[in-house]
Amino acid sequence: LAGKTVGVTGVPSDDAVLDTVLRSGGVDPSDVHRVTIGFNAVADLAAGKVDAATAFWNAEGVELQQRDIPVQEFRVDQFGAPRYPELVVATTPGRCALARKLAAALDNGYRRMGSQPQAALDDLLEQVPDLDRGSQVAQLQALLQGHAFSLGGKFTSRLIGVPAMSWVKWATDSGVISRGSSAQVASGLAENVCR
């Protein structure tokens, strides 16, 4: 990717992901031309506006493959970052009751998806009827085949223990969270403050 144009959404974690992949491949992050493209990875890659883009392998990656656009995926967990479920929920101690409710709802949804993926997909399509069924089936299959919801061979919707601490270290080292807050985040993960 050295010397190439790479699109990022503008979300801070995109820069961290891109930098992690580049450094792992021996490329200095300053050796790529980084442009903010918002959430237009598929259109911009298809049109040749960018040579690469940060995106979700299970969404944009699937869509690009469905359009017969050649794809080379660089999944961040294969290039130096810990595997994580790409959704990190954080709160202040005063909001723990709300955080517990959200976590319980997420756990319920992930469990249903893990045990009854077709029923979970049907639920999604019922709630958002404008989604393309074929695309959503392909994305779900990519998630299931990629073991996206497993860690150490077990189905999970949460990072706890060592995986959580690995994420905090990566997120701090890459600037996703500040060094000052990382100790609080790590402490909260270790102590499970809101449990």
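So, here's what we can say about the structure. (Residues numbered from 1 in each chain as written. Predicted model: local features only at pLDDT ≥ 70, side-chain atom pairs only at ≥ 80, totals over all residues. Heavy atoms only, no water.)

**Considerations on the sheet that holds strand S2 (residues 33-36)**
Read across the open sheet, the 3 strands follow the order S2-S1-S3; overall the sheet is parallel. The strands lining the two open edges of the sheet, one partner per strand, are S2 and strand S3 (52-53). (Pairing = 2+ DSSP bridges. Helix = DSSP H or I, 4+ residues; strand = E, 2+ residues; numbered from the N terminus.)

**Section: the pairing of S2**
Pairing geometry for strand S1 (residues 5-8) and S2, over 4 bridges, is parallel. Note that in S2 the partner of Gly7 across the bridge is Val35. Read from S1 through helix H1 (residues 12-24) to S2, the crossover connection turns out right-handed. (Right-handed = clockwise from strand over helix to strand, strands pointing away.)

**Quick notes on the packing of helix H5 (residues 117-127) against helix H6 (residues 133-145)**
Two elements in contact, H5 and H6, have axes whose closest approach is 11 Å; the angle formed by their N-to-C orientations is 140°. In terms of orientation, H5 and H6 fall into the oblique class. Seen along the crossing, H5 lies across H6 with a hand that is right-handed. Contacts from Pro117, Gln118, Leu121, Asp122, Leu124 and Leu125 in H5 reach Arg133, Gln136, Val137, Leu140 and Leu144 in H6. When its residues are assigned to classes, the contact of H5 with H6 shows 7 nonpolar, 2 polar and 2 charged. (Axes fitted to C-alpha atoms, helices over the stretch in contact; angles between N-to-C directions. Parallel < 35°, antiparallel > 145°, perpendicular 65-115°, else oblique. Left-handed = near helix turned anticlockwise from the far one by under 90°. Contact = heavy atoms within 4.5 Å. Nonpolar A, V, L, I, M, F, W, Y, C, P; charged D, E, K, R; others polar.)

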